Number of protein chains: 2
Amino acid sequence: MTLTMTPTITAFEQSPDGGKGLARDMRVRWALEEVGQPYNVRLVSFSEMKQPAHRALHPFGQIPTYESGDLALFESGAIVFHIAQGHTRLLPDDANSRARAITWMFAALNTMEPPIVDWGITTLLERDQAWYEQRLRVVEGHTRNRLLELSSHLGDADWLDGAFSAGDLMMVSVLLRLKNSDMLFDYPNLSTYVARAEARPAFKRAFAAQLAVFTGKQPN
Amino acid sequence: MTLTMTPTITAFEQSPDGGKGLARDMRVRWALEEVGQPYNVRLVSFSEMKQPAHRALHPFGQIPTYESGDLALFESGAIVFHIAQGHTRLLPDDANSRARAITWMFAALNTMEPPIVDWGITTLLERDQAWYEQRLRVVEGHTRNRLLELSSHLGDADWLDGAFSAGDLMMVSVLLRLKNSDMLFDYPNLSTYVARAEARPAFKRAFAAQLAVFTGKQPN
C-alpha cells in the first residue's frame with residue numbers, strides 16, 4: 001500500500017455519544033483495523049455535513065464517507081463491504097460462506113438495526129410525551145423479538161456463521177447501540193458475543209482512535 | 001443453467017398487501033427476471049414461517065429465502081446481491097461503478113427504508129391512538145427529508161449512478177411502499193424514476209408473477 005492509496009474517512013467533529021463508539025465511522029475504522037489498512041480521518045461539523053461539498057460525497061449529509069483515489073463511497077455497510085472484499089479475514093473465499101457472511105451484514109442493517117434505532121430514538125426524543133410508556137413497550141417488544149431470534153440462531157457458537165466475518169462486525173456494531181440498556185443482558189449468549197468482538201485487538205484500536213478525537217488524547 | 005440449478009425462493013401464501021408487490025419476494029423475483037434466471041416459488045403460511053423448518057432457512061422467520069444447491073440465503077438485500085453478481089445488467093464490471101451500485105443498495109435498505117417502513121407502520125397500526133396526528137407528522141417529516149435528499153441527488157438523471165443497477169432495483173422497491181401515499185407526487189423526479197423502473201419488462205414479469213399467486217390467474 002503506497003501513501004497515495006491511504007483512504008480518507010469522515011467522522012463527527014463533535015460526538016453525539018461522547019466517544020462511546022456508536023457513530024458509524026466506528027464500523028469503518030474497525031474493518032480497516034481488521035485488514036491492517038492505515039487510514040486518514042477528516043472531521044466534519046454538523047453544519048459542514050449539510051453543505052454541498054459534503055453532500056457531493058454523501059447525498060444524505062451524514063458520516064462516514066470513504067475516499068480512495070477516484071472512488072468515493074458512503075453508507076457504512078457499503079464501505080465495510082468494500083474494505084472486506086479481498087480480505088479473507090472479513091469475507092471468506094468459499095463462495096457459499098461468503099454469501100452467508102454478506103447475508104448477515106444485510107440482516108444486521110435491515111432486520112436488526114431498524115427496531116434498535118427506533119428504540120433508541122424513542123428513549124431519546126419521546127421521553128416527555130404522554131404516550132412514552134406505551135410506545136416504549138411496543139418498540140422494546142420489536143427489539144426483543146429480534147434479539148430472541150438472533151440469540152436462538154447463535155446458540156453457543158462464537159460467531160454467526162463459522163469464522164468471524166464482516167457479518168459479525170456489522171451485527172456487533174448494531175448490538176452495541178443497546179449497551180446503555182438492560183436488554184442485552186437478558187440474552188447472555190448475545191452479551192458474550194458482543195464482549196468477544198470487543199476483545200479483538202482491531203476493535204480496541206478502532207475504539208481508541210474514535211475516542212481520541214473527543215478526549216484529545218492519542219490512543220496508546 | 002441446468003434444471004437442478006433452478007433456485008427456489010419463498011413467498012407469502014397469503015398476501016398482506018393483496019399482491020401490490022410490496023412483499024420482499026418481489027425484489028428477488030425482479031432481480032431474477034432482470035438476469036433471465038428461471039426460479040421456483042414455495043409458498044409459506046404465516047404459521048409455517050415461524051416453525052423450525054423455515055427458521056432453519058431464515059432465523060427471523062420471514063420471507064423471502066433463496067435456495068440453490070447447497071446454498072441457502074435470506075434477507076432480500078443479500079439475495080439480490082447474490083443474484084446480481086456476475087451480471088453486468090445489475091452490477092457493473094468497472095470496480096468503482098460496482099462499489100457505487102452496491103452503495104445504493106445499502107442506502108436503499110439502511111437509509112431510505114427505515115423511515116418509510118416506520119411511516120407505513122404508523123399509518124397502519126397507530127391510527128386509533130391519541131398521539132396519531134403528532135407521531136404521523138414526525139415520521140412523515142423523516143421520510144420527506146430523505147425523499148428530498150434523494151430527489152436532489154437524482155436530479156434529471158434516469159438512474160442513481162449511470163446505468164440501471166441493483167442499487168436502483170432496491171431503491172425503487174423501497175419507494176414503492178409510498179405508492180399508497182401522496183408523498184411521492186411531491187417529488188416529481190422520484191415519481192418518474194419509479195415509473196421508469198416499473199416500465200421495465202423484467203419488473204412487469206415479476207409483478208405479474210407475484211400477483212398471480214393471489215388472483216390464481218397465470219401471468220400473461
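Residues numbered from 1 in each chain as written. Chains lettered and ligands numbered in written order. Predicted model: local features only at pLDDT ≥ 70, side-chain atom pairs only at ≥ 80, totals over all residues. Heavy atoms only, no water.

**Let's talk about the relation of the copies chain A and chain B**
- Least-squares fitting of chain A to chain B yields an RMSD of 0.0 Å, with the transformation described by 0.0 Å of translation along the axis and a rotation of 180 degrees. The two molecules are tied by a two-fold rotation axis, judged by turn and shift.
- Most of the interface of chain A is mirrored in chain B, where 100% of its interface residues are also at the interface. (Least-squares fit on C-alpha atoms with pLDDT ≥ 70 in both. Contact = heavy atoms within 4.5 Å.)

**Some words on the sheet that holds strand 1 (residues 8-12) of chain B**
Residues and elements named next belong to chain B.
- Strand order in the open sheet formed by four strands is 2-1-3-4, with mixed pairing between adjacent strands. The sheet terminates laterally at strand 2 (40-44) and strand 4 (71-74), the two strands that pair on one side only. Strand-to-strand twist across the sheet, computed as the mean angle between neighbouring axes with direction ignored, equals 25 degrees.
- For strand 1 and strand 3 (residues 65-68), the ladder comprises two bridges, and the chain directions are antiparallel. When the bridges of strand 3 are listed, I9 appears paired with Y66.
- Of the strands in this sheet, strand 1 and strand 2 are in contact with helix 1 (residues 25-34), which crosses strand 1 at around 145 degrees.
- Of the strands in this sheet, strand 3 and strand 4 touch helix 4 (residues 76-84), which is tilted by about 130 degrees from strand 4. (Pairing = 2+ DSSP bridges. Helix = DSSP H or I, 4+ residues; strand = E, 2+ residues; numbered from the N terminus. Axes fitted to C-alpha atoms, helices over the stretch in contact; angles between N-to-C directions.)

**Describing the interface of chain A and chain B**
- Listed by partner, the interface residues are 40 residues for chain A and 40 residues for chain B.
- Both sides together, the interface formed by chain A and chain B hides about 3600 Å², and carbon and sulfur atoms give 63% of it.
- On inspection of chain A and its partner chain B, the count reaches four salt bridges.
- At 16 residues, the largest contribution of residues to the side of chain A that touches chain B is made by helix 5 (residues 95-125) of chain A.
- Its residues assigned to classes, the side of chain A that touches chain B comprises 19 nonpolar, ten polar and eleven charged. (Buried area = accessible area lost by both parts, 1.4 Å probe. Salt bridge = Lys/Arg side-chain N within 4 Å of Asp/Glu carboxyl O. Nonpolar A, V, L, I, M, F, W, Y, C, P; charged D, E, K, R; others polar.)

**Regarding the domain arrangement of chain A**
Residue and element names in this part refer to chain A.
- Domain annotation for chain A reports domain 1 (8-89 + 202-215) and domain 2 (95-200).
- Measuring from the centre of the C-alpha atoms in domain 1 to the corresponding centre in domain 2 gives 21 Å.
- The partner domain 2 presents 21 residues to the 18 residues of domain 1 that form the contact.
- Buried surface at the junction of domain 1 and domain 2, both sides included, amounts to about 1600 Å², of which 62% is carbon and sulfur.
- The three residues of domain 1 that bury the most area against domain 2 are L22, R27 and W30, which together make up 37% of that side's buried surface. (Domains from an automatic or database assignment.)

**Topic: the nonpolar core**
- Membership of the largest hydrophobic core comes to 124 residues, with the highest contact counts inside it found for W30 and L175 of chain A together with L175 of chain B.
- Sequence-distant contacts of L175 of chain A, defined by excluding residues within four places in its chain, comprise M112, I116, L147, L150, L184, Y193 and V194 of chain A. (Core = buried A, V, L, I, M, F, W, Y, C linked by side-chain atoms within 4.5 Å. Buried < 20%, exposed > 50% of the residue type's maximum accessible area, 1.4 Å probe, protein only.)

**Focus on the packing of helix 6 (residues 132-154) of chain A against helix 8 (residues 188-198) of chain A**
Residues and elements named next belong to chain A.
- Look at helix 6 against helix 8: their axes get within 9 Å of each other, and the N-to-C directions meet at 75 degrees. Judged on the interaxial angle alone, helix 8 and helix 6 are roughly perpendicular. Along its contact with helix 6, which presents L147, L150, S151 and L154, the element helix 8 presents N189, L190 and Y193.
- Tallied by class, residues from the contact of helix 6 with helix 8 come to five nonpolar, two polar and no charged. (Parallel < 35°, antiparallel > 145°, perpendicular 65-115°, else oblique.)

**Some details on helix 8 (residues 188-198) of chain B**
- Inspection of helix 8 of chain B places N189, L190, Y193, V194, A197 and E198 of chain B among the buried residues, and these make up the whole buried set.
- Where helix 8 of chain B is buried, its residues contact helix 1, helix 6 (132-154), helix 7 (166-175) and helix 9 (201-215) of chain B.

**Thoughts on the pairing of strand 2 (residues 40-44) of chain A**
Residue and element names in this part refer to chain A.
- Here five bridges tie strand 1 (residues 8-12) to strand 2, and the two strands are oriented parallel to one another. Looking at the pairing, F12 lines up with V44 of strand 2.
- The parallel pair strand 1 and strand 2 is bridged by helix 1 (residues 25-34), and the resulting crossover is right-handed. (Right-handed = clockwise from strand over helix to strand, strands pointing away.)

**As for helix 5 of chain A**
All names here are of chain A.
- For helix 5, built from 31 residues, the straight-helix expectation of 45 Å at 1.5 Å per residue is met to within 8% by its first-to-last C-alpha distance of 43 Å.
- A bend of about 50 degrees at E113 is the largest found in helix 5, and the proline P114 appears one to four places after it.
- Counting buried positions along helix 5 yields 22 of 31 residues, so the element is predominantly enclosed. (Expected span 1.5 Å × (residues − 1). Bend = angle between axes of the 7 residues up to and from the residue.)

**Remarks on the sheet that holds strand 1 of chain A**
All names here are of chain A.
- Spatially, the four strands line up as an open sheet ordered 2-1-3-4, and their pairing is mixed. At either end of the open sheet lies a strand with only one pairing partner, and these are strand 2 and strand 4 (71-74). Each adjacent strand pair in this sheet contributes to an overall mean axis angle of 25 degrees, direction not counted.

**Some points on a nonpolar patch on the surface**
Residue and element names in this part refer to chain A.
- A cluster of nonpolar residues, I121, L124 and L125, forms a patch on the protein surface that exposes about 320 Å² of accessible area.
- With respect to the secondary-structure elements, L124 resides in helix 5.
- On the accessibility criterion, L124 (68% relative accessible area) is exposed. (Patch = residues over 30% accessible without salt bridge, like charges linked within 9 Å, V, L, I, M, F, W, Y side chains within 5 Å. Areas by Shrake-Rupley, 256 points an atom, 1.4 Å probe, with all protein chains shown as cover.)

**Here's the deal with the environment of A157 of chain B**
- Counting through the fold element by element, A157 of chain B comes out in the loop between helix 6 and helix 7.
- Between the alpha carbons of A157 of chain B and Y193 of chain B there is a distance of 8.7 Å; along the sequence they are 36 residues apart.

**A short note on the pattern of salt bridges**
- Summed over the entire model, instances satisfying the criterion amount to 34 salt bridges over all chains.
- In this structure, E140 of chain B and R144 of chain B form a salt bridge, with 3.0 Å as the shortest nitrogen-oxygen distance. With E140 of chain B and R144 of chain B both in helix 6 and four residues apart, the pair spans about one turn of that helix.
- Residue E149 of chain B is joined to R146 of chain B by a salt bridge in which the shortest nitrogen-to-oxygen separation is 2.8 Å. With a gap of three residues between them, E149 of chain B and R146 of chain B both fall in helix 6, about one helical turn apart. Like R146 of chain B, E149 of chain B is buried.
- Beyond isolated ion pairs, a larger network of salt bridges with shared partners links D118, E126 and R135 of chain A together with D118, E126 and R135 of chain B.

**Quick word on the confidence of the model for chain A**
- Averaged over every residue, the pLDDT of chain A is 93; residues scoring 70 or more account for 97%.
- Both confidence scores are given for the complex: pTM 0.95, ipTM 0.95. (pLDDT = per-residue confidence, 0-100.)

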